[in-house]
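In case you want the letters, here they are:
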Amino acid sequence: MVRGDSAANRRTDEGSNGPSSLSGENRRTFLRAVVGTGLVGTGLASALPSAAADTPSWEPETYNVDSYDFATSSFGTGSPIGPEGPTDIHFEDDAVVIDTGYTFPHTGCDTFVLSKLAYDEGLDRLGVVVDHIGTWEYYGEDEDEWVCADAHSTVRYELSVPFEEGPPESVVLFETIEDETYTTTEYREPPLEVPDGVEYELTLGNFADSYTEAEDDPAVTVDGDEVVVEGILSLTGCLTVGLERLAYAEDEPGHLEIEVVDTYGEDYLPGSACPAVHFGQHYELVVTANEPLEAVTVTESDSVGERVVTVSGEADEFDPWIHNIEDYEFTVDSHGGTSGSPVAVDFDGGEVVVTGAHRFGQTGCDTFVLERLGYDEHSARLGVVVEHVPAWELEGEDPWDCGDAISVVEYELSAAVDGPVDSVAVVERVDGEDAHSIHRRDPPEFPAFVTDYELTVGEFASFEAAEADPEAVLDGEQLVAEGAVVIGSSSCKTVGVGGVDYDEEADHLEIEIVDAYRETYVPPTGCTDDVSTREYALSVRFEEVPSTITVAERDLYLEDRSTAVSSEDLTIAGNTPQDLTGDGLYEDVTGDGQLGFNDVVTFFEEHDSDAVQGNVDRFDFSGNGRVGFDDVIALFERL
């Protein structure tokens, strides 16, 4: 047995005899003899590490633990235990006892050591780390000096930690076995008592832009026996979102009380270093009760304070989730008609007006409710979610007879925020489907001579790739550019066209590629706090090619990068053609400095390409004002 205490963590067993009296080469010879005879399975060899005074100490890291007992033993082949079997953590009157083990393929070559033992008084949790190592590691010998029997053996360990005032509320055990880590958490009492028949699921979402967003009340929706809670909690260090109470109010049947708090997760190990960070964490809690609910009270508690929301279970409660909004008004009107209208957004100074209309089949049976309205100052974006619901759900009554006439339901939202609004993302939920639309105050506009463009976002890339200038090639009437941009949050951002600037006097076009928010990003949804880099490919087609084109990359993390190309720098099949005679015609199609048969072959293959057809004056060898097969013959005759 190895016995430790917090003062000295001693590793001695005074008065022991037998193998413990051996030292040096004699002890190693004795150990080899024990292993070679198979006596390890009897438990004899298991006493060796705890016996000799010259046995090297294996000191665990301890914190807030006065004393403990840790012992190992090994025996012959048996049923696998440990990660493949039960791990026994039990709470006695005045101690915590852990008793488990693992089956290994070679007798005498494996043992367990206690690496860490820590107690957190505030959390009332004991943390334990046990590592599997080779016995030669324990004794400080080379592996090849040990002779291991082929028979399987099970190595078991037992840890006992006394507590004068009773065992802690919880124990978390980390076992590292053959490069795999297994985590087990046991509670003395169930951490959360849930009424019979009530089920719940707590899901963590993205990080919020700031922990101060947790100051907003959670959004609570009650539909019969189901509750959906969406909110943000302010967290620090190792804390996460937890559920502290889920129970019916005393003497109030049908009134469900929910408490969401900042807490340590099940796998938090006492004594671990926690990062000095303060952040906001989105979460969603879905609760299915065992009866229709009359009311639900949700309490959020964290470092920024306490928020309490009580929502009636009646069906006419459609409280939207409002975030960062100074003022808003939402109205609905229905009338006879035959057609709806798409979402429209009017940027009216500091106020934004959103309108939409849908046609439904029966008059008086349909309406819209505002579900979510939020503003994000970083993206300067307003997020709007409206949902179609049957009118009887609002009234809380049985459906009434609906008229057969077609009706059109219109909605209008006006919202004021403290900051600029560059874009509005709108989600319309109709018949269970979401329709996204993005509306920008000043969308990038290409000049009229641009007939088409396409931006494709590719794979993740390295920072080194983003530091390089973009590659740009002008092939006739088409520009192709490739590069990489650091976009920041991968959940909310992507690569986009940030701006287009055309200088008519200089006949110069600049296209700006930036880290942009996704069209599907709808505030107040949070964003992950990561930084990533994405590749992109840009294709632009022109009716008239400007003299020069610059592709510029700009993001928040690297210096600006750019590449310029000229329309006079033509490329044909990857080559730059040349005028060898000064007549303005590019007879050197391959760009190798001379006219040869390869130029005729290449020109024959490429004479219908955009690069050639967009530069007739450079390839009209026949002089007929166009480029065709006659020009191939004319170039051939120049050989």
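Our subject is the structure listed above.
A brief report on the enclosed structure follows. Counting of residues starts from 1 at the beginning of each chain's written sequence and follows it residue by residue. Only residues with pLDDT of 70 or above have their local features reported here, since the model is predicted, and side-chain atom pairs are shown and tallied only from 80 upward, although totals for entire chains, interfaces and linings are computed over all residues. Neither water nor hydrogens contribute to the side-chain values; these are computed over all heavy atoms in the structure.

### Quick word on the overall build of the chain
Here is the rule we go by: We count a stretch as a helix when DSSP gives it H or I for four or more residues in a row; a strand needs E for two or more, and each element gets its number in order from the N terminus. Under the scheme applied here, a residue whose accessible area is under 20% of the maximum for its type counts as buried, over 50% as exposed, and between as partly exposed, the area being computed with a 1.4 Å probe on protein chains only. Contacts are residue-level and defined by heavy atoms, with any inter-residue pair within 4.5 Å sufficient. The method behind every accessible area is Shrake-Rupley, applied with a 1.4 Å probe, and residues are considered shielded solely by the protein chains displayed.
Per the secondary structure count, the chain includes eight helices and 35 strands. Counting only residues that meet the buried cut, the chain has 44% of its 639 residues in that class. Across the chain, the fraction of contacts at a sequence separation of at least 24, relative to all contacts at a separation of at least 6, is 72%. Total accessible area on the chain is roughly 31500 Å²; 43% of this is exposed by carbon and sulfur atoms.

### Some details on the state of the cysteines
Disulfide: a covalent bond formed between the sulfur atoms of two cysteine residues. Heads up, the condition is: We call a pair of cysteine sulfur atoms a disulfide whenever their separation is within 2.5 Å.
Counted according to the given criterion, the structure contains one disulfide. Covalently, Cys-238 is tied to Cys-274 through a disulfide, its sulfur atoms 2.0 Å apart. Sign of the S-S torsion, about -115° for the bond between Cys-238 and Cys-274, identifies this disulfide as left-handed. With Cys-238 in the loop between β13 (226-236) and β14 (239-248) and Cys-274 in the loop between β15 (255-264) and β16 (278-288), this residue pair connects regions lying 36 residues apart in the sequence. The exposure class of Cys-238 is partly exposed, given its relative accessible area of 24%.

### Here's the deal with the pairing of strand β27 (residues 433-440)
Remark: a regular strand shows side chains that alternate across the two faces of the sheet. Inclusion rule: DSSP bridges decide pairing: two strands pair if at least two such bridges lie between them.
Looking at chain direction, strand β26 (residues 423-430) and β27 are connected through eight bridges and run antiparallel. Counted as the bridge partner of Val-430 is Glu-433 from β27. Hairpin connection from β26 to β27: two residues lie between these consecutive antiparallel strands, with Asp-431 at a positive phi of about 55°.

### Notes on the environment of Pro-218
Along the chain, Pro-218 falls in the loop between β11 (199-207) and β12 (219-223). Contacts of Pro-218, omitting those with residues within four sequence positions, involve Val-229, Glu-230, Gly-231, Tyr-283, Val-298, Glu-300, Arg-307 and Val-309.

### Observations regarding the sheet that holds strand β35 (residues 561-566)
One key point about sheets: their strands pair by backbone hydrogen bonds, in either a parallel or an antiparallel sense. To be explicit about the condition: Here the axes come from fitting lines to C-alpha atoms, over the contacting stretch only for helices, and the angles between their N-to-C directions go from 0 to 180 degrees.
Strand order in the open sheet made by the four strands is β31-β32-β34-β35, with mixed pairing throughout. Edge positions in the open sheet fall to β31 (493-503) and β35, since each of these has one partner strand only. Strand-to-strand twist of the sheet, defined as the mean angle between neighbouring strand axes without regard to direction, takes the value 20°.

### Focus on the sheet that holds strand β29 (residues 471-475)
Ordered in space as β28-β33-β30-β29, the four strands form an open sheet in which the pairing is antiparallel. Lying at the two open borders of the sheet, with one neighbouring strand each, are β28 (450-460) and β29. The sheet shows a mean angle of 20° between the axes of neighbouring strands, direction not considered. Direction of pairing for strand β30 (residues 478-488) relative to strand β33 (residues 532-542): antiparallel, over a ladder of ten bridges. Looking at the pairing, Leu-479 lines up with Val-540 of β33.

### Digging into the packing of aromatic side chains
Short version of the rule: In this analysis, rings of Phe, Tyr and Trp, with Trp reduced to its six-membered ring, are considered paired at centre separations within 6.5 Å, and the interplanar angle assigns stacked below 30 degrees, edge-to-face beyond 60, and tilted for intermediate values. Geometrically, a charge over a ring is one whose NZ (Lys) or CZ (Arg) sits within 6 Å of the ring centre while staying within 35 degrees of the ring normal.
For the structure on display, the rule yields 16 aromatic pairs. When the centroid spacing of 6.0 Å and the interplanar angle of 85° are considered together, the rings of Tyr-586 and Phe-619 count as edge-to-face. Placement of Tyr-586 in the loop between β35 and α5 (597-606) and of Phe-619 in helix α7 (residues 616-619) is noted, with a sequence separation of 33 residues between them. Both residues of the pair, Tyr-586 and Phe-619, belong to the buried class. Their ring planes at 80° and their centres at 6.5 Å tell us that Phe-619 and Phe-621 sit as a pair that is edge-to-face. Looking at Phe-621, the relative accessible area reads 10%, which means it is buried. Over the ring of Phe-460 we find Arg-534, and its NZ or CZ is 4.3 Å from the ring centre.

### Quick word on the packing of α5 against helix α8 (residues 629-636)
Threshold: Here roughly perpendicular refers to angles of 65 to 115 degrees, roughly parallel to angles under 35, roughly antiparallel to angles over 145, and oblique to all remaining angles. Polar here means any residue outside two lists: the nonpolar Ala, Val, Leu, Ile, Met, Phe, Trp, Tyr, Cys and Pro, and the charged Asp, Glu, Lys and Arg; Gly therefore counts as polar.
One way to put it is that α5 packs onto α8 with a least axis distance of 9 Å and a crossing angle of 180°. Taken together, the axes of α5 and α8 are roughly antiparallel relative to one another. Contacts from Phe-597, Asp-599, Val-600, Phe-603 and Phe-604 of α5 reach α8 at Phe-629, Asp-631, Val-632, Leu-635 and Phe-636. In the contact of α5 with α8, the residues fall into eight nonpolar, no polar and two charged.

### Topic: α8
Basically, it comes down to this: This arc describes the spread of directions from the helix axis toward the C-beta atoms.
Of the positions making up α8, those classed as buried are Asp-631, Val-632, Ala-634 and Leu-635. Looking down the long axis of α8, one finds its buried residues gathered within 165° of arc, a one-sided arrangement. The inward-facing, buried residues of α8 contact α5 and α7.

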